[in-house]
Each structure stands twice: as structure tokens, then as C-alpha cells.
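# A closer look at the structure
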Amino acid sequence: MQNDKCTPVVCEEDEINLRELFLTLKKHKNFIIIFTFLVTILAAIYAFSKTPIYEVNAIVEIGNYKLDNNNNNNNNNNNNKVLLDNASQLTKELNVIFVDMHKNDKDTSAKIVSITVPKKQDTFIDIKAEGISNKLASQKINKVVAYIQAKHQKILDDVSERRKFEINNIERKIKNIKNKETVLLDNKISLQKKSLHDYAKQVKLIEKNFKIIENKNPTLAALELMQKRDLSDFILKLNLQLIDLKDKKDNLDTNVIWDLQEKKNLLASMLLPHNYKNSHIVGSILTNDYPAKPKKKLIVVVAFITGLILSIFLVFFLEFIRGFKEEDK
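Attention here is on the structure that accompanies the text. (Residues numbered from 1 in each chain as written. Predicted model: local features only at pLDDT ≥ 70, side-chain atom pairs only at ≥ 80, totals over all residues. Heavy atoms only, no water.)

## Side note on the nonpolar core
Ranked by internal contacts, the top residues of the largest apolar core, which has 21 residues, are L94, I112, I115, I125, I127, I141 and V144. The set of elements that each furnish at least two residues to this core consists of strand 1 (54–61), helix 3 (87–98), strand 4 (110–116), strand 5 (124–131) and helix 4 (134–213). Looking at this core, the element that brings in the most residues is helix 4, giving five residues. With 18 residues, the next largest nonpolar core counts I189, I206, L252 and I257 among its residues. (Core = buried A, V, L, I, M, F, W, Y, C linked by side-chain atoms within 4.5 Å. Buried < 20%, exposed > 50% of the residue type's maximum accessible area, 1.4 Å probe, protein only. Helix = DSSP H or I, 4+ residues; strand = E, 2+ residues; numbered from the N terminus.)

## What about the pairing of strand 5?
Among the eight residues of strand 5, six are classified as buried, and the element is accordingly described as predominantly covered. Where strand 1 meets strand 5, eight bridges bridge the pair, whose relative direction is antiparallel. Paired with V60 across the bridge in strand 5 is I125. Two strands pair when backbone bridges link them, and strand 4 and strand 5 are joined in this way by six bridges, in the antiparallel orientation. When the sheet's bridge partners are listed, T116 is paired in strand 5 with D126. (Pairing = 2+ DSSP bridges.)

## Observations regarding unusual backbone geometry
Residues other than glycine seldom take positive phi values, yet K120 does so here, at roughly 60°. Take K120: it is sitting in the loop between strand 4 and strand 5. For K120, a relative accessible area of 86% gives the class exposed.

## Concerning the sheet that holds strand 3 (residues 81–83)
Backbone-to-backbone hydrogen bonds pair the strands of a sheet. The strands run either parallel or antiparallel. Judged by pairing direction, the sheet is antiparallel, and its three strands sit side by side in the order 3-2-6 without closing on themselves. Two strands in the sheet have a free side with no partner beyond their single neighbour: strand 3 and strand 6 (276–277). Relative to strand 6, strand 2 (residues 64–66) runs antiparallel, the two sharing two bridges. Note that in strand 6 the partner of Y65 across the bridge is Y276.

## Structural notes on the sheet that holds strand 1
Across the sheet, four strands lie side by side as 4-5-1-7; this open sheet has antiparallel pairing. The strands lining the two open edges of the sheet, one partner per strand, are strand 4 and strand 7 (280–281). In the packing of helix 3 onto the sheet, the strands contacted are strand 4 and strand 5, and the crossing angle to strand 4 comes to about 160°. (Contact = heavy atoms within 4.5 Å. Axes fitted to C-alpha atoms, helices over the stretch in contact; angles between N-to-C directions.)

This is the structure:
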């Protein structure tokens, strides 16, 4: 079997080869230094000559409006709010308008990079922009925010107009109740009272006639009693109708008008500005004092390491080629 242990000759050859490698590097150290220096300088020139790109971003809160203004509700106050837009659908729309449609634009001084929804959030969107200055990038974000606000303001205006229309309808109903329905009931009540008064007179007249003819004409007296009984029943019905009319009038004057007035007041309170919130930037647009691109230090360090490795490889490669030529000779 072949002995795997290192013999003195083999170990000496390995030691010589390793020594030769170091001697080769030492021999071409000037080339390695100059080559690495040149690559590093070129990378530094590229990094410092390239236009700096600044990155800014903003968090936008999607607006909402309140469904009611009931402060006594024990539920979460957010349950009474309606978002003006769906965050996911809104980001898709904005990405199409402000990102996809501007990919081929020649003006690259500033652009929107991404519009996303933060994780586990459905009321916020994150907008990122890049530009040759913070100001230009911020202008791009402001343009997106202005688009969102214009879109959502239309929704808020529609909600406000709808509530104003409901208030006008309630006012017309109250006016109709006061000027027509209540007046009509008053007239009916007056007529009912007048009819009752007339029938009461007839009853008294029948009673008077009954006393006169009671002994003289029993048959006629019996007819008078039947007529009196019918009139009494009719008067009772009229009294019940009168009570019903008064109840209806009281219900209109108190419950119906009061309920309508309460509804009107609630809708009027919902027209107050604090019940409408348009989409807006949370805080302010976040800017950076230092450009995000290019990463100058990283480029220089990577170039230095790459130049060093490449120069060493070239040294060994050239030595390898030279060795072949010497063997051929």
C-alpha cells in the first residue's frame, strides 16, 4: 500500500512551492499595488461622479367620515367610521398611474418608486420616491397625495350633500305636518265638536218631548226613547273619534315632530367639519440628509477587494504563461 504520510522530499517540495508563491507576490508587489490602486481610483471616480439619488417616503392615512354622532355608544369609535377607500385597491390604482405609466419617462430627476400597504394595516399606505434632491422627490409624493385628496374630497362632498338633502326633506316633512296635517286635524276636531254639540241639543229636545208625550202617547214616547238611544250611541262613537283625532294631533305635535327634529339635529351635527377627515400625510414627508445611491464607501471597498484579488490572479496567470514558455524553450 502507498504510504500517505509526508516524506521529507514531498514536504520540502510543498514548502518550496509555498515559498515560491510568496516570492512571486513579493516580486510583483508593485504591479499588485498599482493595479489595485487604479481599480480603486476608477471606482471612486465613478462613485463620486455619479449623480446622488435621495430617497424620501411618506405614510398617508386614508380618510373617513362618521356614520353617526352618538357619543354614548359603548362600541369602538372606529365602528362608526367609514373609510373613503380600500387600501389595497387604492395602491394598485396609484401604482398603475404613478409608477407603471412613468417607467419609460425620459425625465429621471425624480420618480415614485413604490406605493405599498404596511403589514397588518388597512388605513395607511406607504409612498416612496427617489430624486436628485429631496425637494424634487417630495414634490412627486405631494403630487400623489394631491390626487388621493382630490378623489376622496369628492366622496366627502357627496356624503355632505346627501345629508343636507336629508335635512331639507325632514324640514319639509315638519313644515307639512305643522301647516297641513295638524291644521287638517284641528278642523276635523272643530267639526267633530260642533257635531257633538248639535247632537247633544237633539238629545235634550228628545228628552223634553218625551216628558210631554210620555203619558199622552206611549207608542210615540217609545219611539222617542229609541231615537234617544241611537243618538246616544252615535254621540259615544263621535266622542271616541274625537279622542282619536286629539291623540293623532298630540302624537304629531310631540312624538313625530320631535323625532324628526332629533333626526335633523343629528344630521346637522354630522355636517360639522370634525366628522369628515380627508386623507393626509401622517406627520411630514421623511427626507434624508445623505443620498441613498450610490453607496460610495461600499463601491470603493468592493473595488479595492476586487482589484486586489484580480491583480493577484493576473500575477499567477502571467507566471503560469511564462513557465510554459520557458519549458517550450
